[in-house]
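# Geometric and topological summary
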Amino acid sequence: MTSLPNPSPKKLGLVIDLDTCVGCHACAVACKEWNDGGDFGPLPDVDPYGAEPNGVWFNRVHSYAVEQDTARGKREMTVHCPRSCLHCETPACVTVCPTGASYKRADDGIVLVDEDKCIGCQLCAWACPYGAREFSFERGTMQKCTLCVDRIYNETLDPADRKPACVAACPTRARHFGDLGDPDSDISKLVAERDGYALMPEFGYKPVNRYLPPRPRRDGSDVGATSNTPRDTALDRDKLPGVLRWLDRALSR
Amino acid sequence: MRPTFSIIFFTVASGTGYGIWFLLGLGLAVYWPTCAAPGPKGPEGVSLRLCTYPLLIDYMLAAGFVLVTTGLLSSLGHLGKPRRAWRALSQWRSSWLSREGVAALLTYLPAIGVVLPTITGWWQTRTLSPTDAFTPWFSFEALRPIGVALALGALVTVYCTAHIYSSLKPIRAWHNRYVTPAYLLFALYGGLLWLWALSTLPSGFIAVATRTFETHATHAALAITAAACALLKFFYWRDIDRTPPISAGRATGLDALGTVRTFEQPHTEENYLTHEMGFVLARAHSRRLRAIALLSAFLAPALIAGAAALLPFASNILAWPALAFGMLGLLVERWLFFAEAKHAVIGYYQH
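Conventions used here
- Residues numbered from 1 in each chain as written.
- Chains lettered and ligands numbered in written order.
- Predicted model: local features only at pLDDT ≥ 70, side-chain atom pairs only at ≥ 80, totals over all residues.
- Domains from an automatic or database assignment.
- Contact = placed C-beta atoms within 7 Å.
- Helix = DSSP H or I, 4+ residues; strand = E, 2+ residues; numbered from the N terminus.
- Nonpolar A, V, L, I, M, F, W, Y, C, P; charged D, E, K, R; others polar.
- Pairing = 2+ DSSP bridges.
- Axes fitted to C-alpha atoms, helices over the stretch in contact; angles between N-to-C directions.
- Parallel < 35°, antiparallel > 145°, perpendicular 65-115°, else oblique.
- Left-handed = near helix turned anticlockwise from the far one by under 90°.

## What about the domain arrangement of chain B?
You'll often see interface size given as the accessible area lost when the parts meet. Residue and element names in this part refer to chain B. Assigned domains within chain B: domain 1 (1–167) and domain 2 (176–253 + 271–351). The interface of domain 1 with domain 2 comprises 27 residues on the first partner and 32 residues on the second. When contributions to the side of domain 1 that touches domain 2 are tallied by element, the ones reaching two or more residues are helix H1 (5–35), helix H2 (54–76) and helix H4 (140–166). Among the residues making up the side of domain 1 that touches domain 2, the classes are represented as 19 nonpolar, seven polar and one charged.

## Structural notes on the sheet that holds strand E4 (residues 259–264) of chain B
The three strands are arranged E5(A)-E4(A)-E4(B) in an open sheet whose pairing can be described as antiparallel. The strands lining the two open edges of the sheet, one partner per strand, are strand E5 (73–83) of chain A together with E4 of chain B. Each adjacent strand pair in this sheet contributes to an overall mean axis angle of 30°, direction not counted. Relative to E5 of chain A, strand E4 (residues 60–70) of chain A runs antiparallel, the two sharing eleven bridges. Note that in E5 of chain A the partner of Glu 67 of chain A across the bridge is Glu 76 of chain A.

## A short note on the domain arrangement of chain A
Considered domain by domain, chain A is made up of domain 1 (12–212) and domain 2 (223–253). Placing the centre of domain 1 of chain A and that of domain 2 of chain A at their C-alpha centroids yields a distance of 40 Å.

## Focus: the packing of helix H5 (residues 179–198) of chain B against helix H11 (residues 315–339) of chain B
Residue and element names in this part refer to chain B. Interaxial distance between H5 and H11 falls to 8 Å at its minimum, and their mutual angle equals 155°. Between H5 and H11, the angle falls in the class roughly antiparallel. Considering the relative orientation of H5 and H11, their crossing is left-handed. Contact residues: H5 offers Phe 186, Gly 190, Leu 193, Trp 194, Trp 196 and Ala 197, while H11 offers Ala 319, Trp 320, Ala 322, Leu 323, Gly 326, Met 327 and Leu 330. Of the residues in the contact of H5 with H11, the class split is eleven nonpolar, two polar and no charged.

## Section: the sheet that holds strand E1 (residues 12–17) of chain A
Think of a sheet as strands paired side by side through backbone hydrogen bonds, with each pair either parallel or antiparallel. Residue and element names in this part refer to chain A. Taken together, the three strands give an open sheet; going across it, the order is E10-E1-E11, and neighbouring strands pair in mixed fashion. Edge strands, defined here as strands with exactly one partner in the open sheet, are strand E10 (175–179) and strand E11 (210–212). Along the sheet, successive strands turn relative to each other by an average axial angle of 25°, direction set aside. Of the pairings in the sheet, the one linking E1 to E10 comprises five bridges and is antiparallel in character. The residue bridging Gly 13 from the neighbouring strand is Gly 178, located in E10. Its contacts with the sheet put helix H6 (residues 186–194) on E1, E10 and E11, and the angle it makes with E10 is roughly 120°.

## Details of the packing of H1 of chain B against H2 of chain B
All names here are of chain B. Two numbers describe how H1 lies on H2: the axes approach to 7 Å, and their chain directions differ by 155°. Judged by the inter-axis angle, H1 sits roughly antiparallel to H2. In the crossing of H1 with H2, the sense of the turn from one axis to the other is left-handed. Partitioned by chemical class, the residues of the contact of H1 with H2 number 16 nonpolar, nine polar and no charged.

Okay, structure coming up:
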């Protein structure tokens with residue numbers, strides 16, 4: 001059934017810390033390794049050792065340079081942004097599916113593809129603005145992040161290992177897993193504390209995953225940085241009285 | 001979005017086929033019952049009429065059937081698992097693709113409803129008199145509801161096809177108010193092109209007499225619809241040119257911190273997303289291709305229809321180049337519809 005289930009109180013998802021992510025791609029590699037052999041695998045590649053290797057990965061790590069105007073002049077900050085399925089609360093990838101292969105689990109909100117029902121029309125990949133779904137030409141079906149549903153409930157694993165492979169592999173602990181529907185869970189508290197945000201909320205699909213923005217610089221040099229925070233726009237330096245303008249300039253130095 | 005031939009052919013061919021069936025359904029519901037010459041009463045007491053241009057019904061049924069069916073089969077070629085295609089009929093509650101499949105299959109029913117009396121001679125005057133045996137007669141009361149069902153089925157199917165695209169918010173060139181009217185109007189336009197060509201075949205209205213009301217009406221309808229299509233496309237292009245692409249800063253939410261540019265891509269080779277959704281060829285040549293689409297799809301057939309209106313005796317020859325230009329132009333237009341559309345995910349890959 002591709003009609004969405006009633007919203008569940010439990011919303012399993014990831015929180016990704018853009019402050020500590022170093023862009024090492026360990027999450028992407030660990031994900032590929034687990035899911036190639038896990039319950040939802042294999043994840044075959046095309047031309048894996050040739051000149052143009054190509055294949056399905058559930059996790060892609062983008063690296064950006066963010067140019068900021070600070071009080072100390074222009075500065076570039078590197079931000080690594082891992083991109084994977086956000087397990088949206090109202091995902092269009094599920095409702096557009098003509099076969100019922102794409103579905104959202106009613107009890108924990110994980111979005112999955114039933115490989116036995118998927119006809120490979122790829123409409124769900126078109127419907128997802130986050131690029132969470134990649135089609136396997138080898139298998140003829142759509143593939144996506146499973147939130148390692150074959151690990152997180154796997155009682156043959158040590159309880160410490162019952163988390164997604166990407167979370168377990170991250171060397172800087174930039175990835176956190178938990179229930180974002182429970183305001184008292186550790187990751188919900190983390191999101192509240194660090195002002196975690198959702199990617200492109202304007203589409204209205206209500207992503208569950210949250211991203212934690214880079215922390216402000218310890219030396220305070222972000223003050224005056226280009227930003228959407230009201231602090232900046234509220235202060236019109238030209239309207240300050242002479243003494244304060246001098247003070248502002250001195251402090252901004 | 002990468003223009004895949006199977007889908008371009010599907011939307012153009014099936015759209016046109018449904019356009020022909022829409023016109024046929026409309027004809028069976030409105031035109032044939034009123035234009036047919038009154039006749040005697042049949043043995044069952046149903047009043048029968050001599051059918052005008054009976055073969056045109058067969059031509060339109062057959063052309064529609066070939067176009068709709070090859071289009072639908074072509075769309076299966078896009079699937080990773082075509083043998084499971086039947087599963088696509090199950091999720092009509094939420095999915096426009098599923099609704100389209102259901103509507104497409106249901107529309108075959110009234111089409112068969114028209115075929116059956118034609119091939120079984122059900123509407124022919126078998127028992128009126130021996131000399132009338134091969135004259136097609138028309139029991140319009142019976143065919144009116146079938147015509148209405150055929151026209152409605154065609155309309156609903158094309159509406160569903162259009163909504164598959166216009167409901168996809170991440171592709172802003174598709175999630176656009178002009179997309180659904182354009183699909184419907186282009187289907188009607190393709191149907192009119194075929195109607196003109198088919199009516200030049202033996203026992204079609206142009207083949208019988210070129211100075212008929214039907215001939216003039218076809219020329220006029222074609223020219224007017226072509227102008228409406230071209231206007232719609234013009235406004236559509238103006239609209240999509242005004243929507244800026246999604247930047248990396250907006251896609252990641254990092255624009256709150258400053259100006260974002262890509263420092264390193266996540267992979268060195270192409271992947272499914274960049275291959276399928278990062279198509280750039282069309283944008284380099286879009287002006288020229290848009291001009292070709294407008295000229296070939298709409299302007300050329302409209303001018304040819306104008307020429308045919310002035311030179312009615314040439315209408316039976318002019319119909320065919322108009323059809324060729326029109327269909328080729330519609331294929332270019334549909335290619336551009338895909339090639340010019342940009343997917344939101346490409347924002348993450350933006351430099």
